Amino acid sequence: MAAGGGWVIGTAAQMQQAEVWTPAAHLACMAAAAVLLAAAFVRRGTPATTPALVVAAALAAFGLAGLRAGWRLDDALDPRWEGRDLLVTGEVVSLPQEREQGLGFVFRIDGAQAPADDTDLRPHLPQRVLLSWYAAGEADIAAWTGARPQVRAGQRWRLPVRLRRPHGLANPHAFDVELWWFEQGIRGLGTVRESGGPRLLGEGGTAPVDRLRQALRDRIHLRVADPRSAGVIAALALGDQAAIDRGDWDVFRRTGVAHLVSISGLHVTLFAWLAGGCIAWLWRGSTRLMLWQPAPVAARMGGVAAALAYALFAGWGLPAQRTVWMLAIAALPLLLGRRWPWMLVWLAGGIAVLAIDPWALLAASFWLSFGAVGLLMASARDATQAPPAGWRGVLRAQLREGLRAQAVATVGLAPLALVFFNQLSLVGFAANLVAIPLVSFVITPLALLGGLWAPLWDAAAWLVQAWVATLQWLGGGGWAVWHVPVASWWAQAAALLAAAVALSRLPLRVRLLAWPLVLPLLWPPVQRPPPGSFDLVAADVGQGTAVLVRTAGHLLVYDSGPAFGPRSATGASSDAGERVLLPLLHARGEPRIDRLVLSHGDADHIGGAASLMQALPVGELLSSLPSGHPLQARAGRRQRCEAGQRWSWEGVDFELLHPRSADYAPQGGRMPTTNSLSCVLRISAAGSSVLLTGDVGVQEEAALLARGAALRADVLLAPHHGSGGSSSAAFVAAVRPAVVVFQAGYLNRYGHPATEVLARYRAADAVVLGSAGCGAWQWRIGPGMPGSWSAAATGCERQRTRRYWRHPDAVLSTSPDSGG
């Protein structure tokens, strides 16, 4: 057990590295571990044995994880080939995911060449890349939907592509997509270029399982008319979670049953248990087989083999992999003729998973699955008790055991869910009480057996529709999910300890005393700026704008970022409001938005507004949107942006500088553009200020200068993301910012920020920050702060949480190449 703890410590230490050590250093760690292990064996039984085992395991884990990280980092895209046209050949090694505007799939590259007119050396490309094949433009979406390319798993293609290194959004308390790509071995992202003539080369010979899965998914969608039900059936049978509609995912998360609609540890374990039971029953019917191997050994081995086959057929996802290794470790003592304590089996399974996949340590699914197994093992019924008599007694015992297991999992995993997701489904116990037996014992078997007799899919689809409708009713109220702010590390640790103690076999009075330890996690203190101060977060939303401004008693949100895709069949959105701002607001303990300022009507500024207004109460909408805009109808109180509007919250002053009332009228018979009506907001407190400019251009900047607007600011949100048609020399001189922030996407197609714009700000001695390189940027100002833009008052999310799997150039920078 000491070695298991040491292995977790060593793996965790390696996960904190900003840069990976050399292979020689990691080999030295493993050599030192071998020496310590040998010394512990020689001096076994002495007081130094346990510390030596802990240190040896930690060094071995650190070295092994570091070596694997180094090997994966070596499989990287050469930056010289980023964003350039390439011709690659290879094989589709995943089920293609169909989208409204295109396809997405994992592609294994086995050959590449540069264009004929390129004289560079042969490009070095990663082995696995995630490709997207989109319609050429909005006007082509309808044509694309009717004649999209028939990409299938196992096919070999020659594709013209443009690749880039993996780069995702970086915001506080958000999902680390770059870690997920790294763990999956995806070391490049790219788009297929129609102009280069994509060509199908035939079927590959290395993906027979994927081809079988593809054929089965095609049959499911042909048989089941309702695409939403077909998506759930494909997820249960094949592990194709991307086939589930976004709206249905929201329902599953709100009701706490999302773990049931993916090939999780529960499904794999259930499959192994059923297979093992069948094998044991058949095995006992043969005297020869019984003499060769006992039935329990055959059942355990057959169950593990069945789990392995099922996990492979379901896509060999990481949760399924972890479960297979866990089942194999649990079967090992029986094969060796030994009986291990449950904690030793549990730790051994965890070590095996971390040795194979060290990055699982940072995955919520790892902790939830192994936490559930550990809790059920720790609280298991005493095996020495006499079994119940009669079938009624057996049925009652099974029902009691099922309810006990559900209660243990619900209560025991609640602190983990709060730690990872900052939310808890209040209807999860009731939803899982019905969903676990229904999905595990009825719908999933029907989804699997439908491959043998297709009418079973019709029955599964009917049950899915009824089940989802019930979940929508159950989770439809605003009270269904409880959100909590992020708690401190000690509050999280105390709550996890409380759950372990409360569900253990300790005396009742000891278990009851543990529950107060949960309170700091349930009601953590929320930090707010003192009066006369404010803090600002420029969120990382890609190509778009979104800023949070918090005073002592109010929250202002300036713009809401872009929409990332069209609404799904259920009307669910995929936008910066849903994916970035709401998780950030919940993590910060924000129950409402006092004022939502939408600078103008461009999609990259208002794309997430509907999601925000649906999820949180909004006190007032302040915008330049036309009166008939759909977002205006959603707002209770609404007001038009006009220069001269002022208000003050707790000693923090807000003033609108643009547009004037006359700017809304037609000019020379032409209506004003949305950019020209951008709401320009100046915020000031404690002698420092910030200027938020929307997408104003040089004409609006000149108008502000002509009427003597108060433009001087310490922090400037660059106009129009740093486009060449903004940030004139006169405007930069008038603002004289200490810090200028560009909210623009990584390698965006508009070329924001423009090189000449960057040069103007650098000539003015401004610190230049781009959200692509900085991530979310935070600024706190007020009495007692050391300075308006000092390191103690500011922070880039990428610099604060820098890790080796993150984009290598995505750090704080003032250079043109990495600043935008």
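Residues numbered from 1 in each chain as written. Predicted model: local features only at pLDDT ≥ 70, side-chain atom pairs only at ≥ 80, totals over all residues. Heavy atoms only, no water.

Q: For the overall build of the protein chain, give the residues involved together with the corresponding values.
A: Counting its secondary structure elements, the protein chain contains 29 helices and 26 strands. Residue burial in the protein chain is summarised as follows: out of 820 residues, 50% are buried. Long-range contacts, defined as pairs at least 24 residues apart, comprise 70% of the intrachain contacts of the protein chain with a sequence gap of at least 6. Accessible surface, the protein chain as shown: approximately 37,200 Å² in total, 62% of it carbon and sulfur. (Helix = DSSP H or I, 4+ residues; strand = E, 2+ residues; numbered from the N terminus. Buried < 20%, exposed > 50% of the residue type's maximum accessible area, 1.4 Å probe, protein only. Contact = heavy atoms within 4.5 Å. Areas by Shrake-Rupley, 256 points an atom, 1.4 Å probe, with all protein chains shown as cover.)

Q: Any chance you could break down the pairing of strand E4 (residues 128-134) for me, citing the residues and the numbers?
A: The sheet contact formed by strand E3 (residues 102-113) and E4 spans seven bridges and is antiparallel. Among the inter-strand pairings, glycine 104 is bridged to a residue of E4, identified as serine 132. Taken together, the three bridges between E4 and strand E6 (residues 189-192) define a ladder with parallel strand orientation. By the bridge assignment, leucine 131 is partnered in E6 with glycine 190. (Pairing = 2+ DSSP bridges.)

Q: An account of the state of the cysteines is requested, with residue identities and associated values reported.
A: This structure, assessed with the given rule, holds two disulfides. Each disulfide pairs two cysteine sulfurs, and for cysteine 641 the partner residue is cysteine 679, the sulfurs being separated by 2.2 Å. Judged by the sign of its S-S torsion, about 100 degrees, the bond between cysteine 641 and cysteine 679 is right-handed. You can see cysteine 641 sitting in the loop between strand E17 (638-640) and strand E18 (646-649) and its partner cysteine 679 sitting in the loop between strand E19 (652-658) and strand E20 (680-685), a full 38 residues away along the chain. Both residues of the pair, cysteine 641 and cysteine 679, belong to the buried class. Across the disulfide, cysteine 774 is cross-linked to cysteine 796 (sulfur-sulfur distance 1.9 Å). On the S-S bond that ties cysteine 774 to cysteine 796, the torsion sits near -105 degrees, and the link is left-handed. Taken together, the residues cysteine 774 in helix H28 (residues 771-774) and cysteine 796 in strand E26 (residues 794-796) connect sequence positions 22 residues apart. Across the pair, exposure class does not vary: cysteine 774 and cysteine 796 are buried alike. (Disulfide = S-S within 2.5 Å.)

Q: With reference to specific residues and values, describe the pairing of strand E25 (residues 777-781).
A: Here E25 shows one buried face, formed by Trp777, Trp779 and Ile781, and one open face, formed by Gln778 and Arg780. Relative to E25, strand E10 (residues 534-538) runs antiparallel, the two being bridged by five bridges. In the strand pairing of E25, aspartate 535 is matched with arginine 780.

Q: So what's going on with the environment of leucine 513? Which residues, and what values?
A: Inspection of the secondary structure puts leucine 513 in helix H19 (residues 508-514). Judged by its relative accessible area of 65%, leucine 513 falls in the exposed class.

That is the geometry; function is a separate question.
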